[in-house]
Amino acid sequence: MSTSTTASVSTHILDTSAGRPAEGVAVQLAARSGQHADWRTLGGSATDADGRCKDLPALPEGTTHVRLDFDTETYFAKKQAAAQQDAPALRDSENGRPVFFPEVTITFAVVPGEHYHVPLLLNPFGYSVYRGS
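What you see is a predicted model, and the numbers here were worked out from it, not measured in a lab. (Residues numbered from 1 in each chain as written. Predicted model: local features only at pLDDT ≥ 70, side-chain atom pairs only at ≥ 80, totals over all residues. Heavy atoms only, no water.)

## Let's talk about the pattern of salt bridges
Side-chain pairs of opposite charge can arise where the charged atoms are in close proximity. For the structure shown, the criterion picks out four salt bridges. One salt bridge in this structure joins Arg131 and Glu114, with 3.2 Å as the shortest N-O distance. Residue Arg131 is located in the segment after strand E10 (126–129), and its partner Glu114 is located in the loop between strand E7 (104–109) and strand E8 (115–117); the two are separated by 17 residues in the primary sequence. Here Arg131 falls in the partly exposed class, since its relative accessible area comes to 48%. (Salt bridge = Lys/Arg side-chain N within 4 Å of Asp/Glu carboxyl O. Helix = DSSP H or I, 4+ residues; strand = E, 2+ residues; numbered from the N terminus. Buried < 20%, exposed > 50% of the residue type's maximum accessible area, 1.4 Å probe, protein only.)

## Observations regarding the sheet that holds E7
In spatial order, the strands read E4-E3-E6-E7; together these four strands make up an open sheet with antiparallel pairing. Looking along the sheet, the strands with just one partner apiece sit at the ends: strand E4 (40–46) and E7. For this sheet, the mean inter-axis angle between neighbouring strands, taken without regard to orientation, is 20°. (Pairing = 2+ DSSP bridges. Axes fitted to C-alpha atoms, helices over the stretch in contact; angles between N-to-C directions.)

## Here we look at the packing of aromatic side chains
Tallied over the full model, the rule gives four aromatic pairs. Note on Tyr75 and Phe76: the rings are 4.9 Å apart at their centroids and 70° apart in plane angle, and the pair reads as edge-to-face. Ring centres of Phe101 and Tyr127 lie 5.1 Å apart, and the angle between their planes is 80°; on these two criteria the pair is classed as edge-to-face. Taken as a pair, Phe101 in the loop between helix H2 (88–91) and E7 and Tyr127 in strand E10 lie far apart in primary sequence, 26 residues in all. Given the relative accessible area of 28%, Phe101 is considered partly exposed. Here the aromatic cluster, defined as three or more aromatic residues joined through ring pairs, consists of Phe100, Phe101 and Tyr127. The aromatic ring of Trp39 is capped on one face by Arg67, whose charged end is 4.7 Å from the ring centroid. (Phe/Tyr/Trp six-rings, centres within 6.5 Å; stacked < 30°, edge-to-face > 60°. Lys NZ or Arg CZ within 6 Å of the ring centre and 35° of its normal.)

Okay, here's the thing in structure tokens:
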């Protein structure tokens, strides 16, 4: 929850290759106060059955930049194992990895008092992100 002195962040993931929410994706949240300050890892969560992270840690006062790190490799590896088939994601990838992007890192600037909802649209060979509402 944002206050007049802090911002807040939420996210969700849609697996566009399946047309469904991406459940069980680990997400780490980090913040810094200033463009050249060191990143401080605040904690993490995982997406629920609706693809949402509802319990990301609160941002500390003075946060100016936020980083979300998504563990996409583990998600797609589990999905591939569950499918038990030779999908194009495995056949066409380099070095036998199940996805081209093993992780997705999104960095964005924030201002106090604002809420930032940052959805990730994900598939094995691409992703898109935007500021939602």
